[in-house]
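The residues making up each chain are set out below.
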Amino acid sequence: MISLSETAYEKVKHQLQKRGKGVGIKLGVKTTGCSGLAYTLEYVDEYIDDKSTINYAQKDFVVIVDKKSDVYLNGLTMDWVRNGLNEGFDFKNPNERDRCGCGESFRI
């Protein structure tokens, strides 16, 4: 199960409204960085319910995770944080063993 904090939920909802289109977001992982994996997030304009994705329905949009990434993201909480001049989505994952020094990649 994936969960979003209230601020992350509102940010995704606002971004979809600002774009003027979209049904939700797709979360995943890719191989990269010094620790091996990095989170991916993309906005989805059309949702096709197929067996290769897992759908976490929200009130105003869907969160889609492809089955390959679900094992890495199970239990993930997504938040929106602001640190000084920087802001962005923050992923709190109980499956992470550690993150690289720059915080861009992680290891399970």
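Residues numbered from 1 in each chain as written. Predicted model: local features only at pLDDT ≥ 70, side-chain atom pairs only at ≥ 80, totals over all residues. Heavy atoms only, no water.

(A) Up close: the overall build of the protein chain. Summing up its helical and strand segments, the protein chain has 2 helices and 9 strands in all. Reading the protein chain from its N end, one meets helices and strands in the order β-α-β-β-β-β-α-β-β-β-β. Looking at the 108 residues of the protein chain, the share that counts as buried comes to 36%. A separation of at least 24 residues holds for 50% of the contacts in the protein chain among residues at least 6 apart in sequence. (Helix = DSSP H or I, 4+ residues; strand = E, 2+ residues; numbered from the N terminus. Buried < 20%, exposed > 50% of the residue type's maximum accessible area, 1.4 Å probe, protein only. Contact = heavy atoms within 4.5 Å.)

(B) Broad picture of the nonpolar core. Within the largest apolar cluster, 21 residues are counted, with the highest numbers of intra-cluster contacts made by Ile2, Leu4, Leu27, Val63 and Leu73. Listed by contribution, the elements that provide at least two residues to this core are helix H1 (6–19), strand E2 (24–32), strand E3 (36–44), strand E5 (62–66) and strand E6 (77–83). Broken down by element, this core gets its largest block of residues, 4 residues, from H1. If sequence neighbours within four positions are ignored, Leu4 has contacts with Tyr9, Val12, Gln58, Phe61, Val63 and Met78. (Core = buried A, V, L, I, M, F, W, Y, C linked by side-chain atoms within 4.5 Å.)

(C) Structural view of the sheet that holds strand E7 (residues 86–92). On the basis of which strands lie adjacent, the open sheet formed by 3 strands has the order E1-E6-E7 and mixed pairing. Either end of the sheet is taken by a strand with one partner, and the two such strands are strand E1 (3–4) and E7. Alignment of E6 against E7, held across 7 bridges, turns out to be antiparallel. Along E7, the bridge assignment pairs Asn83 with Asn86. (Pairing = 2+ DSSP bridges.)

(D) Region of the structure containing the pairing of E2. Pairing between E2 and E3: 9 bridges, direction antiparallel. If you follow Gly24 over to E3, its bridge partner there is Val44. Where E2 meets E5, 4 bridges bridge the pair, whose relative direction is parallel. What sits directly across from Leu27, in E5, is Val65.

(E) Summary view of H1. Over its 14 residues, H1 runs 20 Å from end to end, which matches the ideal 20 Å to within 8%, given 1.5 Å per residue. The inward-facing, buried residues of H1 abut E1, E2, E3, E6 and E7. Just downstream of H1 lies Gly20, where phi reads positive at about 80°. (Expected span 1.5 Å × (residues − 1).)

(F) Representation of the side chain of Asp79. Within the fold, Asp79 resides in strand E6. One buried charge, Asp79, has no salt-bridge partner; the nearest side chain with opposite charge is Lys92, at 4.1 Å. Here Ser5 takes part through its side chain, which lies 2.5 Å from a polar atom of the side chain of Asp79. Among the polar contacts listed, one links the side chain of Asp79 to the side chain of Thr7, at a separation of 2.9 Å. (Lys, Arg positive; Asp, Glu negative; His and termini not counted. Salt bridge = Lys/Arg side-chain N within 4 Å of Asp/Glu carboxyl O. Polar contact = N/O pair within 3.5 Å; in protein donor to acceptor, adjacent residues only side chain to side chain.)

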